[in-house]
Amino acid sequence: MAVIALASGKSSGVTCSSLALALSSPRPSLLVEADPAGGTIRAGYLAGEGTAQIGLHRLASADRQGTLAREFRHHWISLDKEHSGNRMLLPGLTAPAQAPSMARTWDSIAELLAVMDGQGFDVIIDAGRIVPESETQLSSRSYPAPLLRAADAVLLVVRSTQASVVAAAPAERVLKEDLATHGTGADALGLLVIEEGGASTSNVQQWLQTPVLCALDFDPDTADVFTHGQARLRRTAKGLLRSARTAHDRLQEVVTRRRIQLRPTHYSALA
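Residues numbered from 1 in each chain as written. Predicted model: local features only at pLDDT ≥ 70, side-chain atom pairs only at ≥ 80, totals over all residues. Heavy atoms only, no water.

### Concerning empty space enclosed by the protein
Reasoning step 1: Within the structure shown, the criterion is met by 1 cavity of 30 Å³ or more.
Reasoning step 2: What lines the largest cavity is simply A2, I4, R27, D122, I124, H248, L251 and Q252.
Reasoning step 3: Elements with a contribution of two residues or more to the lining of the largest cavity: β5 (122–129) and α10 (239–262).
Reasoning step 4: Counting residues per element, the lining of the largest cavity draws most heavily on α10, which supplies 3 residues.
Reasoning step 5: When its residues are assigned to classes, the lining of the largest cavity shows 4 nonpolar, 2 polar and 2 charged. (1 Å grid on protein atoms, 1.4 Å probe; cavity = no way out; pocket = protein on both sides within 12 Å on 5 of 7 lines; lining within 4 Å. Points joined across faces, edges and corners; volume = space filled by probe spheres on them. Helix = DSSP H or I, 4+ residues; strand = E, 2+ residues; numbered from the N terminus. Nonpolar A, V, L, I, M, F, W, Y, C, P; charged D, E, K, R; others polar.)

Structural data, given as structure tokens:
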């Protein structure tokens, strides 16, 4: 069980990668669509399922009314009905203008996600494109910075191309400094590499001076299904979901090791 946040310096497949991790988890999973630019999974992959009456944008009001914890699960919808509610989505904002209203609610949501982790869920957070407040700190007004700061691991999604690495470099610096200052430490940050270009994962790791925690196959057919609809998923889902299952094993090792380092007595007793 883990809380994993994904982000990017530029559009690099964060949503597709988040979906792949949520759908391939060996445990129940909750995908939180926290991109301040707005959510796309409900309109795309789920083909419009659900209503505007549920989703992340409603939780700010619930928080102000003191009912957030009670209403939280009521804003989930199923990602995959064949798993009997074990693959869930908290749909995202319906417009970027709603992002500032979430500023005071992100911390409360981070606490609820920790509860979900404790109840056996893998929590995957799609945090979208990095929104910096400065060269060393994430924006606390429009970006879900508290979710990243509380996560077990933060994955900067980057493609194995020079252009993607260059675009990711400023985000890597901001994330590393912010997590060191406000989070659980700069070592919470790692790379998720989409193996699209000619560069190796070791090259990407060397260029960004950040460890590669996992890699996903470049699988445009499955990515197209994740973006536009799930009707053809079984037929096309090959490399991406297979590599996502391998990524889970690697991430669980990383999370277990970090938790023991942060709270050695507690987690050693559970081992």
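### Some words on the sheet that holds β5
Reasoning step 1: Across the sheet, 8 strands lie side by side as β3-β4-β2-β5-β1-β6-β7-β8; this open sheet has mixed pairing. The two strands at the open ends of the sheet, each matched to only one other strand, are β3 (77–78) and β8 (212–217).
Reasoning step 2: Pairing between strand β2 (residues 29–33) and β5: 5 bridges, direction parallel. Considered in β5, the bridge of S29 is made with D122.
Reasoning step 3: Across the sheet, helix α4 (residues 106–118) touches β1 (3–8), β2 and β5, and the angle it forms with β5 is around 145°.
Reasoning step 4: Along the sheet, α10 makes contact with β1, β5, β6 (153–159) and β8, crossing β8 at roughly 170°. (Pairing = 2+ DSSP bridges. Contact = heavy atoms within 4.5 Å. Axes fitted to C-alpha atoms, helices over the stretch in contact; angles between N-to-C directions.)

### Side note on the confidence of the model for the chain
Reasoning step 1: Per-residue confidence for the chain gives a mean pLDDT of 89, with 92% of residues at or over 70.
Reasoning step 2: Considering only residues more than four positions removed or in separate chains, one finds that residues 265–271, a stretch of pLDDT under 50, has 3 contacts. (pLDDT = per-residue confidence, 0-100.)

### Topic: the pattern of salt bridges
Reasoning step 1: Throughout the structure, instances matching the rule amount to 9 salt bridges.
Reasoning step 2: Across the salt bridge formed by D122 and R27, the nearest N and O atoms sit 3.0 Å from each other. Of this pair, D122 sits in strand β5 while R27 sits in the loop between α1 (14–24) and β2, and the two are 95 residues apart along the sequence.
Reasoning step 3: A salt bridge links D178 to R149, with the nearest nitrogen and oxygen atoms 2.8 Å apart. On the criterion of sequence distance, the pair formed by D178 in helix α6 (residues 162–182) and R149 in helix α5 (residues 145–150) is long-range, its members being 29 residues apart.
Reasoning step 4: Overall, D178 belongs to the buried group, its relative accessible area being 0%.
Reasoning step 5: A residue is classified by how much of its surface remains accessible, and R149, at 16% relative accessible area, is buried. (Salt bridge = Lys/Arg side-chain N within 4 Å of Asp/Glu carboxyl O. Buried < 20%, exposed > 50% of the residue type's maximum accessible area, 1.4 Å probe, protein only.)

### Description of the packing of α1 against α10
Reasoning step 1: In the contact formed by α1 and α10, the axes pass within 9 Å of each other and the chain directions differ by 75°. Judged by the inter-axis angle, α1 sits roughly perpendicular to α10. Within the contact between the two elements, α1 uses A20, L21, L23 and S24 and α10 uses L240, L241, A244, R245, A247, H248 and L251.
Reasoning step 2: For the contact of α1 with α10, a count of residues per class yields 8 nonpolar, 2 polar and 1 charged. (Parallel < 35°, antiparallel > 145°, perpendicular 65-115°, else oblique.)

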